[in-house]
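Geometric and topological summary
So you can see what is in the structure, the chains are spelled out below.
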Amino acid sequence: MKAKKSNLELVKFVVFESELSIVQPSNDQNTAPSFDKYEIDIDFSKSRENRSKNEYLFIIYLKAKVNSTEEPQVGYKLLVNTAALFEIKNPNTIDKTELNNLENISALSITISSLRNFISTLTSFGPFGSYTLPAINVGELINEKIKTQRKAKSTKRASDDR
């Protein structure tokens, strides 16, 4: 089957900050890390750089914390801040629904995938072997972000009314 290229293009993926710590097991703990027990916290935002008939650029900023709790699991503790610059080719030929999906769902998924590759490479040199970020439910992540933004707006309105 012949694949058709998407109108969405990842122009550049950058890492602004990365911290990797090793969480050593105590004497009574198992020495093998249980990666599937890691708590994962991902936050993201979007910035529109340029929107014209010919140029449609935007940036997805993504911050991820892995196993970054008060009592982290044995293995790796990670903090990574990234940004991904995207361009949508021929935006005037795409309907609004597809444009929205490309900008919000596809771009975020690609950014998470790029983060996954970075983390896997970073940890591959560590004592516990490579850690691969699991598949993330992007729809749920977006819904949680919307809820958080609504809650912040209502809290701000309530404090402004006082």
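The text that follows walks through the structure, step by step, so that each part is easy to find. (Residues numbered from 1 in each chain as written. Predicted model: local features only at pLDDT ≥ 70, side-chain atom pairs only at ≥ 80, totals over all residues. Heavy atoms only, no water.)

Some points on helix α1 (residues 96–123)
- The end-to-end C-alpha distance of α1, which contains 28 residues, comes to 40 Å, matching closely the 40 Å that a straight helix rising 1.5 Å per residue would cover.
- Where α1 bends most, at Leu102, the angle is about 35°.
- Those residues of α1 that sit buried are Leu99, Leu102, Glu103, Ala107, Leu108, Thr111, Ile112, Ser114, Leu115, Arg116, Ile119 and Thr123.
- Where α1 begins, the capping side chain belongs to Asp95, and its oxygen is found 3.0 Å from the backbone nitrogen of Thr97. (Helix = DSSP H or I, 4+ residues; strand = E, 2+ residues; numbered from the N terminus. Expected span 1.5 Å × (residues − 1). Bend = angle between axes of the 7 residues up to and from the residue. Buried < 20%, exposed > 50% of the residue type's maximum accessible area, 1.4 Å probe, protein only. Polar contact = N/O pair within 3.5 Å; in protein donor to acceptor, adjacent residues only side chain to side chain.)

Description of the layout of surface pockets
- Reported here for the largest pocket is a volume of approximately 180 Å³.
- Top element by residues in the lining of the largest pocket is helix α2 (residues 138–161). It accounts for four residues.
- Its residues placed into classes, the lining of the largest pocket shows five nonpolar, three polar and three charged. (1 Å grid on protein atoms, 1.4 Å probe; cavity = no way out; pocket = protein on both sides within 12 Å on 5 of 7 lines; lining within 4 Å. Points joined across faces, edges and corners; volume = space filled by probe spheres on them. Nonpolar A, V, L, I, M, F, W, Y, C, P; charged D, E, K, R; others polar.)

A short note on the sheet that holds strand β1 (residues 8–23)
- Pairing within the open sheet is antiparallel, and its four strands lie in the order β1-β4-β3-β2. The sheet terminates laterally at β1 and β2 (40–51), the two strands that pair on one side only. Taken over all neighbouring pairs, the strand axes of this sheet differ in orientation by 10° on average, direction set aside.
- Inspection of the sheet shows β1 paired to strand β4 (residues 75–88) by 14 bridges, in the antiparallel sense. Following the sheet pairing, Glu19 is matched in β4 by Leu79.
- Together, β1, β2, β3 (56–66) and β4 form the strand contacts of α1, whose direction differs from that of β4 by roughly 140°. (Pairing = 2+ DSSP bridges. Axes fitted to C-alpha atoms, helices over the stretch in contact; angles between N-to-C directions. Contact = heavy atoms within 4.5 Å.)

Things to note about the packing of aromatic side chains
- According to the stated counting rule, one finds seven aromatic pairs in the structure shown.
- Seen in terms of ring centroids, Phe35 and Tyr76 are 5.9 Å apart; in terms of plane orientation they differ by 20°. Their pairing is stacked. Placement of Phe35 in the loop between β1 and β2 and of Tyr76 in strand β4 is noted, with a sequence separation of 41 residues between them.
- By relative accessible area, which is 23% here, Phe35 ends up partly exposed.
- Taken together, a centroid distance of 5.1 Å and an interplanar angle of 75° make the contact between Phe35 and Tyr131 edge-to-face. Here Phe35, found in the loop between β1 and β2, pairs with Tyr131, found in the loop between α1 and α2; they are 96 residues apart in sequence, far enough to count as distant. (Phe/Tyr/Trp six-rings, centres within 6.5 Å; stacked < 30°, edge-to-face > 60°.)

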